[in-house]
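Inside the fold
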Amino acid sequence: MKKHICQTGPPPQQRVTASTNTLLLKPCQHFLELGSTMETIGKSLKEALKSAQCEDRLTVGVYESAKIMNDDPDSVSFCVLATDEEWECNIALQIHFTLIQSYCFDNDISIVRVNDMQRLAEIVGDKAGQLEDAHCCLITNSADGSWEDPALEKLHLFCEESRSLNDWVPEITLPKR
């Protein structure tokens, strides 16, 4: 019997098919059909964040995000968690991440991780001195309910596909400047 596992690291969007004697690499068909690679998923995340920021649907900060999730979880559409080597061992932050992830799972909110908090802070317009606030970003639904954002739709599809492959919080690499 063969098992299918989709990796989120390099090489991008490759499915590993394993039998007892061989390993064969096959591309994940769904994402290839969409023309998506990890690079384009990263670009989609950047586009979705910028779009949400322009439309005042972006919340930046762990505590601000937790407040919105508590007050109105139905308004939240997407969650981004960010860390880097400096913050990776911060126990308090990891506890917050665990609680946010659990809340997202319970409320069917798509969630991803990025490993470059400074790049995320640059994208969302955070000042260099306020990097701690860029650990969590939420994209909320628009007030009128019409949030047809192709980049966000692609991210939701990516998260759905990742969950079907037991990757509950996929990691996305943000594009360089």
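Here, every reference points to the structure presented above.
Residues numbered from 1 in each chain as written. Predicted model: local features only at pLDDT ≥ 70, side-chain atom pairs only at ≥ 80, totals over all residues. Heavy atoms only, no water.

A cluster of nonpolar side chains, namely I91, I95 and L99, defines an oily patch on the protein surface of about 330 Å² accessible area. Position of I95 among the secondary structure elements: in helix α4 (residues 91-106). The class of I95 is partly exposed, set by a relative accessible area of 49%. (Patch = residues over 30% accessible without salt bridge, like charges linked within 9 Å, V, L, I, M, F, W, Y side chains within 5 Å. Areas by Shrake-Rupley, 256 points an atom, 1.4 Å probe, with all protein chains shown as cover. Salt bridge = Lys/Arg side-chain N within 4 Å of Asp/Glu carboxyl O. Helix = DSSP H or I, 4+ residues; strand = E, 2+ residues; numbered from the N terminus. Buried < 20%, exposed > 50% of the residue type's maximum accessible area, 1.4 Å probe, protein only.)

Between helix α2 (residues 38-54) and helix α6 (residues 150-164), whose axes approach to 8 Å, the crossing angle comes to 130°. The orientation of α2 relative to α6 falls into the category oblique. Viewed along their axes, α2 and α6 form a crossing whose handedness is left-handed. Residues M38, I41, S44, L45, E47 and A48 of α2 lie in contact with α6, whose contacting residues are A151, L152, K154, L155 and F158. Split by residue class, the contact of α2 with α6 holds eight nonpolar, one polar and two charged. (Axes fitted to C-alpha atoms, helices over the stretch in contact; angles between N-to-C directions. Parallel < 35°, antiparallel > 145°, perpendicular 65-115°, else oblique. Left-handed = near helix turned anticlockwise from the far one by under 90°. Contact = heavy atoms within 4.5 Å. Nonpolar A, V, L, I, M, F, W, Y, C, P; charged D, E, K, R; others polar.)

As a further point, take the nonpolar core. Core analysis: the largest hydrophobic core is formed by 42 residues, its most contacted members being L45, L49, F78, C79, V80 and L120. The set of elements that each furnish at least two residues to this core consists of α2, α3 (62-71), β5 (76-82), α4, β6 (110-114), α5 (117-124), β7 (136-140) and α6. (Core = buried A, V, L, I, M, F, W, Y, C linked by side-chain atoms within 4.5 Å.)

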